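These are the residues of each chain, in order.
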Amino acid sequence: MPLPREASRELESLFGDRYSESLLERLSHSSDMGFVPELIVAGLDINIVPDAVVYPKTVEEVVELVKIATKYRIPLIPYGRGTNRYGNAIPTEGGITVDFSMMRQITIARDQSVAMVQPGATWKEIDVEADPYKLSLRTFPSSYDSSVGGGIAGDALGIGSYEWGFISDNLTYVKFVNPRGEIETVSGPELAKVAGAEGTTGLIVEAGIKLRPKTPTLSFVFHSPSLDEVLKIVGEFYDTGLPLWHVQIRGPSISNDMVDGFKADLQKDEWNVIVMFPATREPLIRRRLESILKNYNKELRPLKWVGWWTFNHAAIAALRRTGTPIHQHGLIPMEKLPNLIKELESNLGPLGVLEENRGFDLDIALERRRVLLVNAFTISSLSLTDKKLIYDLAKNTLMMDAFVKVGGSLLSVGMFAHKYAKNRLNVTSKTFSELGLDRYEIISKYKKEMDPEELFNPGKLLPPEKRGKKVFEISDRQKLALTFRFGIGLAKSVTPGGPNDGYKTVRAFLETFTDYAFQCIDCAMCVTVCPQYKVVYKNPYAPKGMFDFVKGAMAYYFLNDKKIDIPLSVIADISGCHKCGLCDRVCPENIPISYLLVQLSTKVAKGVSTKAYVSLGLTEKEPFSAIHNPDSTTVLWVGSLMQENVEEAYVAASILEKLKVKVRVIDTDKDSGFYDYISGSREFVEKRLGEVIETLKDSELVITLTPEDYRTLNDYVKQAANIVLRKQLNYYVMPIELFLLSMALPFEGKEEQINLHVPCFATDYAQEIIAKLTSRGFKVKRIDGCSGAALAKNLGNRARELSKAMAEKYSELVTLCPLAAQQFRSFGIRAQTLVEFMASKLGAQKLVKVETKVGFTLSEDRKHAIEEIVMKSILEELENKVPIFADLAAFVSDSLDESRKILDPVISEVVTSAGDKIASELSKLVQEDTGKGETSVLLVTSSYVKELMNVVNAQTDFQRIASEVAEKVLNTVPDRSAFNKDLFIQVVIVSLRDEMPELINLVSRKLK
Ligand SMILES: Cc1cc2nc3c(=O)[nH]c(=O)nc-3n(C[C@H](O)[C@H](O)[C@H](O)COP(=O)(O)OP(=O)(O)OC[C@H]3O[C@@H](n4cnc5c(N)ncnc54)[C@H](O)[C@@H]3O)c2cc1C
Ligand code: SF4
Ligand code: SF4
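What you see is a predicted model, and the numbers here were worked out from it, not measured in a lab.

K.L.:
Can you walk me through the overall build of the chain in this structure?
P.N.:
For the chain, the count of helices and strands is 45 helices and 26 strands. Residue burial in the chain is summarised as follows: out of 1008 residues, 64% are buried. Looking at the chain alone, contacts between residues at least 24 apart form 76% of all its contacts between residues at least 6 apart. For the chain, the accessible surface area stands at approximately 36700 Å², while carbon and sulfur atoms represent 50% of it.

Take a look at the structure:
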């Protein structure tokens, strides 16, 4: 349900574009590790899609947000990194998700050993900031890349908890905005109001996190075939007060998989106990530890340590090698562990065995007061798709119940396990237990008093009375699931697993990306390393956020009456990163993220047909005509990409003219194949490669104007020619900047400072340019970062967002990318390319100014007119086909692919006739715009083609158009029940999309 308009307006004016109601933002905040569409499939009416998402930057903004939300009675759902596994950070009945990613400041108070932290900062980031002060975290969840806000709200524990306990044991204060919009700062017993309250009592905006002196940490391991023996030994650790920092017990099967999958330094088939402590304590610990172990004939071995991620994350990843792991974690007192094992054994089979549908294994972190964080894993015969879609059904529920039955609790409650909220809040930190506090009572009382409307994270933790009441039905579903226990076949008949309609539909838009979304374990490691996320700090731009989007989209399909349209602009937003591959390197699941993104970009690139580029007749124009020599073996590759910024080409040519260089000029109708290659399109090999080779025949030196063409001609084309055609291409490629800087030019810096922006595809040669500039006397500050200009190709918002974020940081930039320069300028950055910068120093300004006049910009009115003409023409032509659609209605069956076979030819005809109409209408406008004869007809035409691409690629109206036509078909078919309207709409949208490149070709060919 959309928010009240007034509320939207107020929020927009407060947050600007940090407030969003876009599908992209909303869906990427509809899933955390607790994924729910299967429940919706089963008919549960919970709205897990927020109506809006907001990214506050200051405490004051959070206060204002709370005031607006309470005024309009809109639920607020705090969101950290979405790594919890119980649906804690997703809505139960819509509302506004408050993503704290942009509140991430960290200040280290060295003398107090405290980090004062905003909630969006991650544990890992605190350690990085504390490192120069020789301090580090005392304890943190093994999800090291999760947020501080999430950790406090869930009162996490994990690494270092043997010594330091829960997160709430390590807080000096927490500042939060309560439901009345007041700022409260709490410490000591009052921390119970927020620590563990899952955001139901307020929005955490700052906290003091206690740190410890950083010393090298020593890791050791010992092993035993018997868990009983292990428990006896660690019991002695507790009894003798051995001052260890972290202790982890890893089961035999998990150990095996870790050895096989990650070369972990563990003993196969045994229980491995990892102990860690600061090196400074070695004299105190080592001998005592060895003497305890000696009594059991155990040897202590130094452990080669590979990182926190090996806990939990790597266990799941390693187990994937055997099958589909189902995971449940909970907290139990150590003495209750044998009872838990008995309980699990009676249901799952033997401990330490991990075979399909047989057995389970444990991975246990110890807490200072003998509370264990127990991760239980079992392997099921379900496919990943089945598993996610039926929510780990019977087995997971069984494991949940087992924890509670033996007197423990789940690690968290979220929306899935309300009945266990009291258990969770009673398994509490040292701080609260020593004070004898009943956290459940404190939170309930505070909530009742401060948030009677239940606006703060409704339906979580406490039993909802007003909002989110549907969560109660979840436990009925779980009971039902329990009935079926291991009868997965039966369970599926209740809650259909496997590729259901929502899955299939979303897959039609997002292809294999969808399958991998189920493999993601939400560890958030990719978020931390992603350079694009680091520029904008918005969830959809991080790989995890993209996978969240996929899962959210599946849920939305069912919520939205089985309708979903994912426009190309959204796909461009999701996939439009620069494919640096940093995320691939950290993903414990080995998901080939950047490769998947390339695949997804294909869809966008399909719409960005290179054939649409037109010749600007450069060789006949000054200054190109002056430097052009068709027989030269030196080539100036202007190429199709420069059609976006033809002025830059004029500038480059002007300098070459001054230098009296003769080159063969390649016009803008020639394409290097950059988009084809980067999108994995077969066009690259089948067509573009041959064309490029032909164009560059007999060339020795190719001078490029964009980093994208440099990379394509230097790497991609040469590699493909070698591999596919067994052809060695011997031309040498040089970016224009290096070419000019190699010439004897009066271009000296005299200590002048340059902020040099290095875009993604210039990284190979940027250092050489910097060296040359430095030797000419410039002081260069290198600024790496993606402008998004090339890949987003004016689609989606990513390019805009990235540039805007850059604009907030830099007011003046010299860039190596002409496309980025243009993009930056539109955001108010005084940006110029290095070539333009050189031109101004060389006194070529006059030329630049004169030639810049040839530029042509479409007015906003014209852009609207183009959009209207395109959509109207397509709609009219579709309507002309209504009788044919009605006639074919019965063939539109259950399958998207089958139905497309029937309808695709009709849609193809629609596009051909719409293309004729559009070309004729647009030609009239082009003539009007060039009528006064002051502007080049080629530039005007190219602007029209570019805008046409924007319109057809954004495709915001396809859903509306398809629905209108579907309604007409429905009114025409003789038997309405035989017409699958939803499927028809889907087919029309998808087919139209695939035809769009053809439409662009057609129109650009005919445009006069
Ligand atoms: C691979 C993996 C390993 C894990 N290991 C551990 C572990 O060792 N120990 C452990 O305890 N957990 C573990 N978890 C669970 C999870 O990572 C933790 O619960 C983590 O603290 C959640 O943090 P987050 O930033 O992802 O918060 P989210 O999942 O986004 O939110 C968690 C809760 O905090 C609330 N919240 C978030 N920010 C705020 C705020 N500013 N103010 C108020 N409320 C807020 C949310 O509404 C939600 O209720 C693991 C998860 C994964 C995927
Ligand atoms: S490949 Fe894309 S998503 Fe992955 S880290 Fe690089 S920019 Fe981010
Ligand atoms: S994509 Fe990989 S690194 Fe990113 S959250 Fe998922 S599992 Fe972790």
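K.L.:
So what exactly am I meant to see when it comes to the sheet that holds strand 3 (residues 76–79) here?
P.N.:
Through backbone hydrogen bonds, the strands of a sheet pair up, either in parallel or in antiparallel fashion. Pairing is mixed in the open sheet, where 4 strands are placed in the order 1-2-4-3. Each edge of the open sheet carries a strand with a single partner, namely strand 1 (19–20) and strand 3.

K.L.:
I'm lost on the sheet that holds strand 22 (residues 732–735) in this one. Help?
P.N.:
Strand order in the open sheet made by the 4 strands is 20-19-21-22, with parallel pairing throughout. The open sheet has two free edges, formed respectively by strand 20 (664–666) and strand 22, since each of these has just one partner strand. Adjacent strand axes in the sheet meet at a mean angle of 25° when their direction is disregarded. Bridge count for strand 21 (residues 701–704) against strand 22 is 4 bridges, and the pairing is parallel. Note that in strand 22 the partner of L701 across the bridge is Y732.

K.L.:
How should the site of ligand 1 be read in this particular structure?
P.N.:
The environment of ligand 1 is made up of 35 residues, and the closest members are T83, N84, S143, S147 and L157. Side-chain polar atom of T83 to an oxygen atom of ligand 1: 2.5 Å apart, as the coordinates give it. One of the side-chain N or O atoms of S147 is found 2.6 Å from an oxygen atom in ligand 1. Look at ligand 1: alone it shows 970 Å² of surface, and the protein chains cover 97% of it. Mapped by element, the contributors of at least two residues to the shell around ligand 1 are strand 3, helix 6 (148–153) and strand 10 (203–213). The biggest single contributor to the shell around ligand 1 is helix 6, with 4 residues. For the shell around ligand 1, a count of residues per class yields 15 nonpolar, 17 polar and 3 charged.

K.L.:
Teacher, can you tell me more about the nonpolar core here?
P.N.:
Nonpolar side chains in soluble globular proteins generally cluster together in the buried interior. In terms of nonpolar packing, the biggest core is built from 117 residues, with L510, F513, L878, L922 and F984 touching the most fellow members. With residues up to four places along the chain from it excluded, the contact list for L922 reads I866, I869, Y944, L948, V1003 and L1007. Counting 71 residues, the second largest nonpolar core, distinct from the first, contains L636, V638, L740 and A762.

K.L.:
I keep staring at the layout of surface pockets and nothing clicks. Help me out?
P.N.:
Here the idea is plain: a probe the size of a water molecule rolls over the atoms and shows the empty space left. Estimates place the volume of the second largest pocket at around 540 Å³. Lining of the second largest pocket is provided by 21 residues; of these, K504, T505, A508, L896 and Q986 occupy positions nearest its centre.

K.L.:
What is the right way to read unusual backbone geometry from this model?
P.N.:
The general pattern is negative phi for most residues beyond glycine and trans for most peptide bonds. The linkage connecting E622 with the following residue, P623, adopts the cis geometry, with an omega of 0°. Inspection of the secondary structure puts P623 in the loop between helix 27 (593–607) and helix 28 (624–627). In this structure, N457 takes a positive phi of about 45° despite not being glycine. Mapped onto the secondary structure, N457 falls in the loop between helix 17 (439–450) and helix 18 (471–484). Residue classification places N457 among the buried residues on the basis of a relative accessible area of 2%. Residues other than glycine seldom take positive phi values, yet K750 does so here, at roughly 50°. Here K750 shows up in the loop between helix 33 (736–741) and strand 23 (753–758).

K.L.:
It is not clear to me how helix 32 (residues 707–725) should be interpreted in this structure. Could you clarify?
P.N.:
Side chains three or four residues apart in an α-helix point the same way, a direct result of the helix having 3.6 residues per turn. End to end, helix 32 covers 25 Å across 19 residues, agreeing with the expected 27 Å (1.5 Å per residue, within 8%). The largest bend in helix 32 amounts to roughly 35° and is located at L713. Looking only at helix 32, the buried set comprises P707, E708, D709, Y710, R711, T712, L713, N714, Y716, V717, A720 and A721. Looking one or two places after helix 32, you find R726, whose phi comes out positive at around 50°.

K.L.:
Please clarify how the site of ligand 3 should be interpreted in this entry.
P.N.:
In the vicinity of ligand 3, the contacting residues are C520, I521, D522, C523, A524, C526, K544, F547, C587, P588, E589 and I593. A per-class count over the shell around ligand 3 returns 9 nonpolar, no polar and 3 charged.

K.L.:
Can you help me understand the environment of K697 in this one?
P.N.:
Residue placement: K697 occurs in the loop between helix 31 (683–695) and strand 21. By relative accessible area, which is 45% here, K697 ends up partly exposed. Expressed as a C-alpha distance, the spacing of K697 and T633, which sit 64 residues apart in the sequence, is 8.9 Å. Side-chain polar atoms of K697 contact the side chain of E694, separated by 3.1 Å.

K.L.:
Please explain a nonpolar patch on the surface as it appears in this structure.
P.N.:
Taken together, V685, I723, V724 and L725 make up a surface patch of nonpolar side chains, about 350 Å² in accessible area. With 3 residues, the single largest contributor to the nonpolar patch is helix 32.

K.L.:
Would you mind going over the packing of helix 20 (residues 501–510) against helix 24 (residues 543–559) with me for this structure?
P.N.:
Angle between the axes and distance between the axes: these two values describe a pair of packed helices. Running from N to C, helix 20 and helix 24 point in directions that differ by 130°, and their axes come no closer than 9 Å. Considering the angle they form, helix 20 stands oblique to helix 24. Where helix 20 crosses over helix 24, the two elements pack in a sense that is right-handed. For the pair helix 20 and helix 24, contact is made by D501, G502, Y503, T505, V506 and L510 and by F549, V550, A553, M554, Y557 and F558, respectively. Split into classes, the residues belonging to the contact of helix 20 with helix 24 amount to 9 nonpolar, 2 polar and 1 charged.

K.L.:
Please explain the pairing of strand 8 (residues 171–177) as it appears in this structure.
P.N.:
Consecutive side chains of a regular strand alternate in pointing toward one face of the sheet and then the other. Counting buried residues in strand 8 gives 5 out of 7 residues, a clear majority hidden from the surface. In this structure, strand 8 lies alongside strand 10, joined through 6 bridges in antiparallel fashion. Looking at the pairing, V177 lines up with L203 of strand 10. Relative to strand 9 (residues 183–186), strand 8 runs antiparallel, the two sharing 4 bridges. Note that in strand 9 the partner of F176 across the bridge is E184. The antiparallel pairing of strand 8 with strand 9 creates a hairpin that spans 5 residues between the two strands, and G181 there sits at a positive phi of about 80°.

K.L.:
Help me understand the pattern of salt bridges in this model?
P.N.:
Side-chain pairs of opposite charge can arise whenever the charged atoms involved come near each other. Evaluated as defined, the whole model comprises 57 salt bridges. A salt bridge links R830 to E812, with the nearest nitrogen and oxygen atoms 2.9 Å apart. You can see R830 sitting in strand 26 (residues 830–833) and its partner E812 sitting in strand 25 (residues 812–815), a full 18 residues away along the chain. With relative accessibility at 41%, the residue E812 sits in the partly exposed group. Across the salt bridge formed by K917 and E876, the nearest N and O atoms sit 2.7 Å from each other. One end of the pair, K917, is in helix 42 (residues 896–930); the other, E876, is in helix 40 (residues 860–880), with 41 residues separating them in the sequence. Under the relative-accessibility criterion, E876 is labelled partly exposed at 28%.

K.L.:
Please explain the packing of aromatic side chains as it appears in this structure.
P.N.:
Two measures describe an aromatic ring pair: the distance that separates the ring centres and the angle between the ring planes. The full count for this structure, using the stated rule, is 15 aromatic pairs. Ring geometry for F176 versus Y446: centroids 6.3 Å apart, planes at 65°, classification edge-to-face. With a gap of 270 residues between them, F176 in strand 8 and Y446 in helix 17 connect regions that are remote in the sequence. Grouping residues by exposure puts F176 and Y446 together as buried. Within the aromatic cluster, the residues linked to one another by ring pairs are F747, F778 and F837. When the ring centre of W245 is taken as reference, the NZ or CZ atom of R212 above it lies at 4.1 Å. Taking the ring centre of Y731 as reference, the NZ or CZ of K718 above it sits at 5.0 Å.

K.L.:
Please clarify how the packing of helix 44 (residues 958–972) against helix 45 (residues 981–1006) should be interpreted in this entry.
P.N.:
The N-to-C vectors of helix 44 and helix 45 enclose an angle of 135°; their axes lie 9 Å apart at closest approach. Viewed along their axes, helix 44 and helix 45 adopt a mutual orientation that is oblique. Handedness of the helix 44/helix 45 crossing: right-handed. The residues of helix 45 that touch helix 44, namely those facing F958, Q959, A962, S963, V965, A966, E967, V969 and L970, are K981, F984, I985, V988, I989, L992, R993 and M996. Taken together, the residues of the contact of helix 44 with helix 45 break down into 12 nonpolar, 2 polar and 3 charged.

Thresholds, definitions, all that
Residues numbered from 1 in each chain as written. Chains lettered and ligands numbered in written order. Predicted model: local features only at pLDDT ≥ 70, side-chain atom pairs only at ≥ 80, totals over all residues. Heavy atoms only, no water. Helix = DSSP H or I, 4+ residues; strand = E, 2+ residues; numbered from the N terminus. Buried < 20%, exposed > 50% of the residue type's maximum accessible area, 1.4 Å probe, protein only. Contact = heavy atoms within 4.5 Å. Areas by Shrake-Rupley, 256 points an atom, 1.4 Å probe, with all protein chains shown as cover. Pairing = 2+ DSSP bridges. Axes fitted to C-alpha atoms, helices over the stretch in contact; angles between N-to-C directions. Near = heavy atom within 4 Å. Polar contact = N/O pair within 3.5 Å; in protein donor to acceptor, adjacent residues only side chain to side chain. Nonpolar A, V, L, I, M, F, W, Y, C, P; charged D, E, K, R; others polar. Core = buried A, V, L, I, M, F, W, Y, C linked by side-chain atoms within 4.5 Å. 1 Å grid on protein atoms, 1.4 Å probe; cavity = no way out; pocket = protein on both sides within 12 Å on 5 of 7 lines; lining within 4 Å. Points joined across faces, edges and corners; volume = space filled by probe spheres on them. Expected span 1.5 Å × (residues − 1). Bend = angle between axes of the 7 residues up to and from the residue. Patch = residues over 30% accessible without salt bridge, like charges linked within 9 Å, V, L, I, M, F, W, Y side chains within 5 Å. Salt bridge = Lys/Arg side-chain N within 4 Å of Asp/Glu carboxyl O. Parallel < 35°, antiparallel > 145°, perpendicular 65-115°, else oblique. Left-handed = near helix turned anticlockwise from the far one by under 90°. Phe/Tyr/Trp six-rings, centres within 6.5 Å; stacked < 30°, edge-to-face > 60°. Lys NZ or Arg CZ within 6 Å of the ring centre and 35° of its normal.

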